[in-house]
Amino acid sequence: MVGVLSLLWLIPFVGSLIVWGIGTSQRAAKFIALGFSLVEMVLATSLLLAFINPGWAFVLGAPTTTPPPTPGPFVPLFYLERFGGWKDYGFNYIVGEDGLSVPLIWLTALLTTLAIVFHWDEEQRPRAFFGLFMFLEMALVGVFQALDFILFAVFWELVLLPMFFLIGIWGGPNRRYAALKFLIFTHVGFVIMLLSMFTLYWTASASVNAAVYGVNAPTLDMTAFLHGALRHATGSGIVYLTLGAQIPIFAAFLFGFIVKLPSVPFHTWLPDAHVEAPTGGSVLLAGVLLKMGGYGIFRINLGMLPDAARSLWWVLAILGTVSMVYAAFVCLAQTDLKRLIAYSSVGHMGFVLLGASSLTVIGVQGGIFQLFNHGIITAILFMLAGSVKHSTGTRDIPELQGLARVMPQFSLILAIGFFASLGLPGLNSFWSEFMVFVGAYGSPNLDPNRRLILIPLLSIVVTAAYYLYTMQRILFGDPPEKLAKAHDLLPWERISYAVLVALVFLVGLFPLPFLGMINAYTSGSFPWLGGL
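Residues numbered from 1 in each chain as written. Predicted model: local features only at pLDDT ≥ 70, side-chain atom pairs only at ≥ 80, totals over all residues. Heavy atoms only, no water.

Engineer: Please clarify how the overall build of the protein should be interpreted in this entry.
Structural biologist: Secondary structure assignment for the protein yields 23 helices and 2 strands. Taking 532 residues into account, the globule formula puts the C-alpha radius of gyration at 24 Å, and the protein, at 22 Å, falls close to it. For the protein, the spread of C-alpha atoms along the principal axes amounts to about 75 × 60 × 45 Å. A sequence separation of at least 24 residues applies to 78% of the contacts in the protein between residues at least 6 apart. As presented, the protein carries roughly 18,700 Å² of accessible surface, and 69% of it is formed by carbon and sulfur atoms. Taking the 25 positively charged and 24 negatively charged side chains of the protein as two groups, their mean positions are separated by 3 Å. (Helix = DSSP H or I, 4+ residues; strand = E, 2+ residues; numbered from the N terminus. Rg over C-alpha atoms; globule rule 2.2 N^0.38 Å. Contact = heavy atoms within 4.5 Å. Areas by Shrake-Rupley, 256 points an atom, 1.4 Å probe, with all protein chains shown as cover. Lys, Arg positive; Asp, Glu negative; His and termini not counted. Charge placed at Lys NZ, Arg CZ, Asp CG, Glu CD.)

Given below as C-alpha cells:
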C-alpha cells in the first residue's frame, strides 16, 4: 500500500506523465499541470500544518516517530515509510519527514504552483514545458524525503534532467553553454559525493547497522547512520566511524553540496544558468534546487559526521564568509538585473555555511531558516526580472529608469523584494540572518578572535548599498521614451506576487511556527550543539 509520504513524489510524477501524454494543447497542458500542482500543494500544506501544530493534523494524523529496535537515543523521523524488499543488497525504500525537510517540501510545492501560474501564457511546446516542471517537482520532493542513500542519489541526479532541458530549450541566446555548464558542474559534484556513499557502505555500515538495528550486514540506510551518529556524539559508547574515517568522507560530501549550493569557488555555473533560464526555471533553481546543498550539509555532514564537523568547522566558516563578501562586491558591478540577483543568491547561501560552521543552536537554526526565507525572496526577485524583460524588452539596469511612473505595481514589489533580501527588520530574512550572526559570534570556535565576525558583517553593508543603488537607477528619474509604453504586472503575475509578498510579511512578523519546527529538528538531531 502506497503511503501518504510516497504520494508527495508520486503525484507530480503522474502529473508529468499525463501532461506529456494527453496535454494536447496549451490550455490542456497548463490546466493539467496546475491541477496536479494544487493537489500536491494541499498535501504538502497538510504536512506543514501537522508539524506546526499536531492538533491541525486532520489529513495525516499527528506526527509519530518509529524508534530503532535497540535501546538508546534516536533521531526523530516522522511518518516513516519503509519497504525492505531489497535489504539483502543493502538497499531499502525509506522516506520520512522532520523539521528540516517539511518546510523545503512545502516551499517546493508552493513555488512549482506559482511558476506554472506565472507562465500561464507560455506557448512554446507547452506539454514538454509544464511536464518538465512537474517532473522537477517530483525529483526535488524525493531528495528531501529519501532516507536511503541509493534513493537519495537517484532523486538527486534526476533533478538535473528537467533543469538541463528547461535551460537548454527555453533559455536565452547562450542556453546551450549554460545548460552544459550546469550539468557538468553539478554532475561532477554528484560523482564525488557518490564515492562517500559507497565508502560508508563498504567500510562502516555493517558495524553501524549492528549497533542500531542489530543486523550485522552492510546497509545504505541513512537512518542507521543518523541514529548511530547521535548516540556516538552523546556518549552512548556505540561502535562508530573514527575521526580519521569521517574527515575524508565529510570533505567529499561537502564538495558535492557546495557545488550545488553553490559556494565560491564552485559558483560560476549559477549566474550563467540563471541568466539563460526561463523565469520559472530560475525560480525553482534558486528557490529550491540550491537548497539541496544546504539540506545535504545539515542532514549528512552535521547529522552523520559530527566529529568531522567539529574539526572542519573552519572550512565552512571560510567558504561562507568568502561567498558573502565576494558576491556582495560583485553585485555592485552588475548591469544585468538577473545576473545581479544570481550573484546575490551566492552571497545569501553563504549565510547557510556560516550558520552551520558556528555549531551553536541558534546559528544552525538560522542557517536552516535561511534556506526557507531565501527561497521565498529569490522567487520574487527572479519573477521581477522576468516581468520587466517581458514588459520593456530588456533587463539591463542602465536602460531602465523611472519605472516607478510607468510600472508602479512592479516598483512596489521590487522595493519589498530588495528590502527583504537585505534583511530589513519585520521581513522574513531578518530573522535568519540575525540568528546566523548571533550564533557565529557566540560560537566557542571563534573564541578568542570574535572580531573576525566583522568580515562577514561587511557583506550586510555592501548588500544594502547595491540594492539601494539599483533601486535608485531603476525606479527614479524620468523614464526614456522607449519605456513609455511599458505595461505593468499582468493579472496572473499578480497572483504569484501576492502570495509571496504575503509570506514575506507573515514569516517576518510571525516566525515562531517555522522556528518551532526547526527547533524540534535541531534539539532531536543535534543535542551536542553548544551556545544558545
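Engineer: Honestly, helix 11 (residues 269–276) in this entry has me stumped. Any pointers?
Structural biologist: Because each turn of an α-helix spans 3.6 residues, side chains separated by three or four positions in sequence point in the same direction. For helix 11, the tally of buried residues reaches 8 of 8 residues, placing the bulk of the element in the interior. Taken residue by residue, helix 11 has Trp 269, Leu 270, Pro 271, Asp 272, Ala 273, His 274, Val 275 and Glu 276 as its buried positions. Of the surrounding elements, those touching the buried residues of helix 11 are helix 6 (160–170), helix 7 (175–203), helix 10 (243–260), helix 12 (279–289), helix 16 (337–358) and helix 17 (361–392). (Buried < 20%, exposed > 50% of the residue type's maximum accessible area, 1.4 Å probe, protein only.)

Engineer: Looking at this structure, how should I read helix 5 (residues 149–158)?
Structural biologist: All of the buried residues in helix 5 are Phe 149, Leu 151, Phe 152, Ala 153, Phe 155 and Trp 156. With a side-chain oxygen positioned 3.0 Å from the backbone nitrogen of Ile 150, the residue opening helix 5 is Asp 148. (Polar contact = N/O pair within 3.5 Å; in protein donor to acceptor, adjacent residues only side chain to side chain.)

Engineer: What is the right way to read a nonpolar patch on the surface from this model?
Structural biologist: A cluster of nonpolar side chains, namely Leu 49, Trp 56, Phe 58 and Val 59, defines an oily patch on the protein surface of about 450 Å² accessible area. Within the secondary structure, Leu 49 is located in helix 2 (residues 26–52). (Patch = residues over 30% accessible without salt bridge, like charges linked within 9 Å, V, L, I, M, F, W, Y side chains within 5 Å. Salt bridge = Lys/Arg side-chain N within 4 Å of Asp/Glu carboxyl O.)

Engineer: So what exactly am I meant to see when it comes to the nonpolar core here?
Structural biologist: A general feature of soluble globular proteins is that nonpolar side chains tend to end up buried together. By size, the foremost hydrophobic cluster in this structure holds 193 residues, and its most contacted members are Phe 149, Phe 152, Phe 253, Phe 298 and Leu 403. Considering every element that reaches this core, the biggest residue donor is helix 17, with 16 residues. Setting aside anything within four residues of it in sequence, one finds Phe 298 in contact with Leu 100, Gly 303, Val 352, Ala 356, Val 364, Gly 367, Ile 368, Leu 371, Tyr 521 and Phe 526. Membership of the second largest hydrophobic core comes to 8 residues, among which are Leu 354, Phe 437, Leu 446 and Ile 453. (Core = buried A, V, L, I, M, F, W, Y, C linked by side-chain atoms within 4.5 Å.)

Engineer: Even after reading the chapter, I still don't get the environment of Met 163, so can you show me in this structure?
Structural biologist: By secondary structure assignment, the location of Met 163 is in helix 6. C-alpha separation for the pair Met 163 and Ala 486, spaced 323 residues apart in sequence, amounts to 30 Å. Beyond its immediate sequence surroundings of up to four residues, Met 163 is in contact with Leu 136, Phe 182, Gly 281, Leu 285 and Leu 289.

Engineer: I tried to follow the packing of helix 6 against helix 7 on my own but got confused; where do I start?
Structural biologist: Pairs of packed helices are described in terms of their axes, by the angle between the two and the distance that separates them. As a packed pair, helix 6 and helix 7 sit with axes 7 Å apart at the nearest point and diverge in direction by 160 degrees. Between helix 6 and helix 7, the crossing angle belongs to the class labelled roughly antiparallel. Judged by the twist between their axes, the crossing of helix 6 over helix 7 is right-handed. Residues Leu 160, Met 163, Phe 164, Ile 167, Gly 168 and Ile 169 of helix 6 touch helix 7, and the partners they reach there are Arg 175, Ala 178, Ala 179, Leu 180, Phe 182, Leu 183, Thr 186 and His 187. Partitioning the contact of helix 6 with helix 7 into residue classes produces 10 nonpolar, 3 polar and 1 charged. (Axes fitted to C-alpha atoms, helices over the stretch in contact; angles between N-to-C directions. Parallel < 35°, antiparallel > 145°, perpendicular 65-115°, else oblique. Left-handed = near helix turned anticlockwise from the far one by under 90°. Nonpolar A, V, L, I, M, F, W, Y, C, P; charged D, E, K, R; others polar.)

Engineer: Which parts of the structure should I look at to understand the packing of helix 16 against helix 21 (residues 454–475)?
Structural biologist: Orientation of helix 16 relative to helix 21, taken along the N-to-C sense of each, is 160 degrees, at an axis distance of 12 Å. Here helix 21 runs roughly antiparallel to helix 16, going by the angle between their axes. Here helix 16 and helix 21 pass one another in a crossing that is left-handed. Residues Leu 337, Leu 340, Ser 344, His 348, Phe 351 and Leu 354 of helix 16 form the contact with helix 21, whose participating residues are Pro 456, Ile 460, Tyr 466, Tyr 467, Thr 470 and Ile 474.

Engineer: Mind showing me how you'd approach the packing of aromatic side chains here?
Structural biologist: What characterises a pair of aromatic rings is the spacing of the ring centres plus the angle enclosed by the ring planes. Taken as a whole, this structure holds 29 aromatic pairs when the rule is applied. With centroids separated by 5.4 Å and ring planes inclined at 85 degrees, the aromatic side chains of Phe 51 and Phe 78 adopt a geometry described as edge-to-face. In this pair, Phe 51 is assigned in helix 2 and Phe 78 in strand 1 (residues 78–83), connecting sequence segments 27 residues apart. Taking relative accessible area as the criterion, Phe 51 reaches 14% and is therefore assigned buried. Residue classification places Phe 78 among the buried residues on the basis of a relative accessible area of 19%. Grouped by ring-pair contacts, the aromatic residues Phe 149, Phe 152, Trp 156, Phe 225, Phe 253 and Phe 257 constitute a single cluster. Directly above the aromatic system of Tyr 441 lies the positively charged group of Arg 450, at a separation of 5.8 Å from the ring centroid. In this arrangement the basic side chain of Arg 473 is found over the ring face of Tyr 469, its NZ or CZ atom lying 4.0 Å from the centre. (Phe/Tyr/Trp six-rings, centres within 6.5 Å; stacked < 30°, edge-to-face > 60°. Lys NZ or Arg CZ within 6 Å of the ring centre and 35° of its normal.)

Engineer: Please clarify how the pattern of salt bridges should be interpreted in this entry.
Structural biologist: Between side chains of opposite charge, a pair can form when the charged atoms approach closely. Per the stated rule, a full pass over the model turns up 8 salt bridges. In this structure, Arg 82 and Asp 221 form a salt bridge, with 2.9 Å as the shortest nitrogen-oxygen distance. Residue Arg 82 is found in strand 1, and its partner Asp 221 is found in the loop between helix 8 (205–213) and helix 9 (222–233); the two are separated by 139 residues along the sequence. Among the ionic pairs, Asp 478 bridges to Arg 405, the shortest N-O distance being 3.1 Å. In this pair, Asp 478 sits in the loop between helix 21 and helix 22 (491–509) while Arg 405 sits in helix 18 (residues 403–406), placing the two residues 73 residues apart along the sequence. Each of Lys 181, Asp 272 and Arg 339 takes part in salt bridges that share partners, so that together they form one network.

Engineer: For this particular structure, what's the right way to read the pairing of strand 2 (residues 93–97)?
Structural biologist: Each regular strand carries side chains that alternate between the two faces of the sheet. Of all 5 residues in strand 2, 5 are buried, a share of seventy percent or more. Note that strand 1 and strand 2 share 4 bridges and pair antiparallel. Bridge pairing in strand 2 places Arg 82 opposite Ile 94. (Pairing = 2+ DSSP bridges.)

Engineer: Is there a simple way to think about the side chain of Ser 391 in this case?
Structural biologist: Looking at the secondary structure, you find Ser 391 in helix 17. Once you skip the residues sitting within four places of it in the chain, Ser 391 turns out to touch Met 407, Ala 486 and His 487.

Engineer: How do you make sense of the side chain of Glu 97 when you look at a structure like this?
Structural biologist: You can see Glu 97 is positioned in strand 2. Arg 299 provides the closest opposite charge to the buried, salt-bridge-free Glu 97, at an N-O distance of 6.6 Å. At 2.7 Å, the side chain of Glu 97 and the side chain of Gln 145 are in polar contact. The residues contacting Glu 97, other than those within four sequence positions of it, are Leu 5, Leu 8, Leu 47, Phe 51, Leu 77, Phe 78, Val 102, Ile 105, Phe 144 and Gln 145.

Engineer: Before we go on, may I ask you to explain unusual backbone geometry in this structure?
Structural biologist: Trans is the common state for peptide bonds, and a negative phi is the common state for residues other than glycine. Cis geometry is found at the peptide bond from Leu 261 to Pro 262, where omega equals -15 degrees. As for its placement among the helices and strands, Pro 262 is situated in the loop between helix 10 and helix 11. Cis geometry marks the peptide bond from Val 264 to Pro 265; its omega dihedral reads 10 degrees. Of note, Pro 265 is situated in the loop between helix 10 and helix 11. Despite not being glycine, Tyr 79 shows a phi value in the positive range, around 55 degrees. With respect to the helices and strands, Tyr 79 occurs in strand 1. Phi angles above zero are rare outside glycine, and Leu 359 is one such case at about 55 degrees. Note on placement: Leu 359 falls in the loop between helix 16 and helix 17. Using a relative accessible area of 9% as the deciding quantity, one classes Leu 359 as buried.

Purely spatial values, then, with no claim about function.
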